[in-house]
Amino acid sequence: MGEKVGQLIDYIPQLALADPDAFGLALISMDGHRYSAGEADAPFTMQSVSKPFVYALALSVLGLDEVCRWVNAEPSGEAFNAISLERATGRPANAMVNAGAIVTTALIPDTADAPRFDRILDCLSRFAGRQLDVDEAVYASEVATGDRNRALAYLIRSTGLLPVDPVASVETYFRQCAVRVTALDLAAMAATLAHGGVNPLTGEAVVEKAVAAQVLAVMATCGMYDVSGDWLLRVGLPAKSGVSGGLIAAGPARFGLATYSPPLDPTGTSVRGRRALGALSERLGLHLMHNPALAGSTVTLVTTADDLPSAPTGEQERALREQVSVVAAQGALDFTAAERVLYALDESRTQETASVVLDLRQVTGVDTVALAMLRSGLERLAEGGRRTAVVDPAGHLAAVSAGEGPTAPQRFTSRDEAVERVAHDLEP
Ligand code: GLU
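Quick caveat: nothing in here was measured; it's all calculated off a predicted structure.

**Side note on the overall build of the chain**
Then step 1. Within the chain, the regular secondary structure consists of 16 helices and 13 strands.
Then step 2. In terms of overall dimensions, the chain has a C-alpha envelope of 90 × 50 × 35 Å along the principal axes.
Then step 3. Burial analysis of the chain (428 residues in total) assigns 53% to the buried set.
Then step 4. By sequence separation, contacts in the chain at least 24 residues apart represent 67% of the contacts at least 6 residues apart.
Then step 5. The average position of the 35 basic charges and that of the 51 acidic charges among the side chains of the chain differ by 4 Å.

The structure is reproduced here in structure tokens:
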């Protein structure tokens, strides 16, 4: 990455003063572990990297359907400053190109006690986990030269179909572009999106999970302007570039990554940032479509209770325990993991009516989909004549066992106790 390629942008003159050799890289994990290299603390302005976060704010305030009425979510396949507007309506193609970002900014409510820009700066700061500020020199520079963006705003307004005033918002848009960050800040912001909207450094829920997912989806399809398809193909991560040389990428439920290096390629993307993230994705296997989690780690035990180390030796008790199957699971249960658990429960029976103990002591979480699947799976087993019990001291399935009638599994805190009870119930 040592060779000098790329150009500093000059249409915002202040940005042309940046150090072309500066390079910073930062990664923040879902546990809030921070890793950085080079000038990860060097300040620069967000520029278009602000767009996904202001989009997140608009989605939080208005909801997806309302925002989509005004800004579409289709890749434009065009440059960042193109006239990417629907012919009949003037609706911008997406919120990652300038036209869409200007409308997105216009959608943020503006009141005397909470001016639009204050709301935006507050939201960006929460994403970063610290109070951010504006580089006034860069702001003034874009105000002085930003006629193309003003022209876009006038064009949008000329269609007369959008119930917001993009012209009035262009200066706010320039200001959001001039918010000062470091690569570490951007990594925290990307990590917050990757972490379901919760900032992994501060623990604050900045936006809802659904909003974080919506923003990542639009970043994946539109974040890299006219190279978005190639980027998703090769690097495989939702990303957003900015003309000051910042670049972010998010690994959903995994990490937030950011680079800073000012020289840009003709698409307005940091040359070194693009190479660095591309190389990292390849070396570390970060591509989203790359062989997802390997099977086999959810279910840790499938056996019958007579085979447990704690099983008593008496013949009669052993015979009863042979009819009790035991399945243990671990980790976070989602759709994929729940399918494995249900399959193991089905496979575990030694005879049609064998009882079953589901041991969830090592389970760290159950999402709503897995909860519904386990609930109906256990009900199905009970309806088929099998006694069911769960070992669930943390109460992950509490919603299943609470007042659910005769098919609800009994809940225990210890496996021995559960096996004992279920085996006892089988006594003739
Ligand atoms: N402030 C810049 C503009 O609107 C942002 C463009 C970008 O970063 O891609 O022209």
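**Quick look at the sheet that holds strand 5 (residues 179-181)**
Then step 1. Across the sheet, 3 strands lie side by side as 3-5-4; this open sheet has antiparallel pairing. The open sheet has two edge strands, strand 3 (44-45) and strand 4 (133-134), and neither has a second partner.
Then step 2. With 2 bridges joining them, strand 4 and strand 5 adopt antiparallel strand pairing. Paired with V134 across the strands is V179, a residue of strand 5.

**Here we look at the UniProt feature "binding site: substrate" (unreviewed entry) in the chain**
Then step 1. With numbering matched to this structure, UniProt assigns "binding site: substrate" (unreviewed entry) to S48, N98, E142, N149, Y173, Y225 and V243.
Then step 2. As for its placement among the helices and strands, E142 is situated in helix 5 (residues 136-145).
Then step 3. Using a relative accessible area of 3% as the deciding quantity, one classes E142 as buried.
Then step 4. Apart from the residues lying within four places of it in its own chain, the contact partners of E142 are I12, Q47, N149, F174 and C177.

**What to know about the site of the ligand**
Then step 1. Residues in contact with the ligand amount to 13 residues; listed here are only the nearest, Y11, Q47, S48, Y173 and Y225.
Then step 2. With respect to the ligand, the side chain of Y173 contributes an N or O atom lying 2.6 Å from an oxygen atom.
Then step 3. At a separation of 2.7 Å, an oxygen atom of the ligand approaches a polar backbone atom of V243.
Then step 4. Protein burial of the ligand: of its 290 Å² of free accessible surface, 100% is covered by the chains.
Then step 5. Class assignment for the residues of the shell around the ligand results in 7 nonpolar, 5 polar and 1 charged.

**Remarks on the pairing of strand 1 (residues 24-29)**
Then step 1. The buried fraction of strand 1 is high, at 6 of 6 residues.
Then step 2. The alternating pattern of strand 1 places G24, A26 and I28 on one face and L25, L27 and S29 on the opposite face, and all of these are buried.
Then step 3. As judged from the 6 bridges shared by strand 1 and strand 8 (residues 255-260), these two strands associate in the antiparallel manner. When the bridges of strand 8 are listed, A26 appears paired with A258.

**Some points on the sheet that holds strand 1**
Then step 1. Read across the open sheet, the 5 strands follow the order 2-1-8-7-6; overall the sheet is antiparallel. In this open sheet, the two edge strands, each paired with only one partner strand, are strand 2 (34-38) and strand 6 (239-241). Averaged over all pairs of adjacent strands, the angle between their axes in this sheet comes to 10 degrees, without regard to strand direction.
Then step 2. Contacts from helix 8 (residues 183-194) reach strand 1, strand 2, strand 7 (246-251) and strand 8, with the element oriented near 150 degrees to strand 8.

**Examining helix 8**
Then step 1. Between its terminal C-alpha atoms helix 8 stretches 16 Å, which fits the 16 Å expected from 12 residues at 1.5 Å a residue.
Then step 2. Among the 12 residues that make up helix 8, 12 are buried, leaving the element largely enclosed by the rest of the structure.
Then step 3. Considered for burial, the residues of helix 8 that qualify are A183, L184, D185, L186, A187, A188, M189, A190, A191, T192, L193 and A194.

**As for the nonpolar core**
Then step 1. With 83 residues, the main nonpolar core has M46, F53, F127 and L186 as its most contacted residues.
Then step 2. Apart from the residues lying within four places of it in its own chain, the contact partners of L186 are F44, M46, V49, V181, G246, I248 and A258.
Then step 3. Counting 21 residues, the second largest nonpolar core, distinct from the first, contains V327, A337, M373 and L381.

**Some remarks on the environment of V299**
Then step 1. With respect to the helices and strands, V299 occurs in strand 9 (residues 299-304).
Then step 2. The exposure class of V299 is partly exposed, given its relative accessible area of 21%.
Then step 3. Along the sequence, V299 and V207 sit 92 residues apart, while their C-alpha atoms lie 33 Å from each other.
Then step 4. Apart from the residues within four sequence positions on either side, V299 is in contact with V327, A328, A329, R340, V341 and A344.

How each quantity is defined
Residues numbered from 1 in each chain as written. Predicted model: local features only at pLDDT ≥ 70, side-chain atom pairs only at ≥ 80, totals over all residues. Heavy atoms only, no water. Helix = DSSP H or I, 4+ residues; strand = E, 2+ residues; numbered from the N terminus. Buried < 20%, exposed > 50% of the residue type's maximum accessible area, 1.4 Å probe, protein only. Contact = heavy atoms within 4.5 Å. Lys, Arg positive; Asp, Glu negative; His and termini not counted. Charge placed at Lys NZ, Arg CZ, Asp CG, Glu CD. Pairing = 2+ DSSP bridges. UniProt positions renumbered as here; feature names shortened; annotations may be inferred. Near = heavy atom within 4 Å. Polar contact = N/O pair within 3.5 Å; in protein donor to acceptor, adjacent residues only side chain to side chain. Areas by Shrake-Rupley, 256 points an atom, 1.4 Å probe, with all protein chains shown as cover. Nonpolar A, V, L, I, M, F, W, Y, C, P; charged D, E, K, R; others polar. Axes fitted to C-alpha atoms, helices over the stretch in contact; angles between N-to-C directions. Expected span 1.5 Å × (residues − 1). Core = buried A, V, L, I, M, F, W, Y, C linked by side-chain atoms within 4.5 Å.

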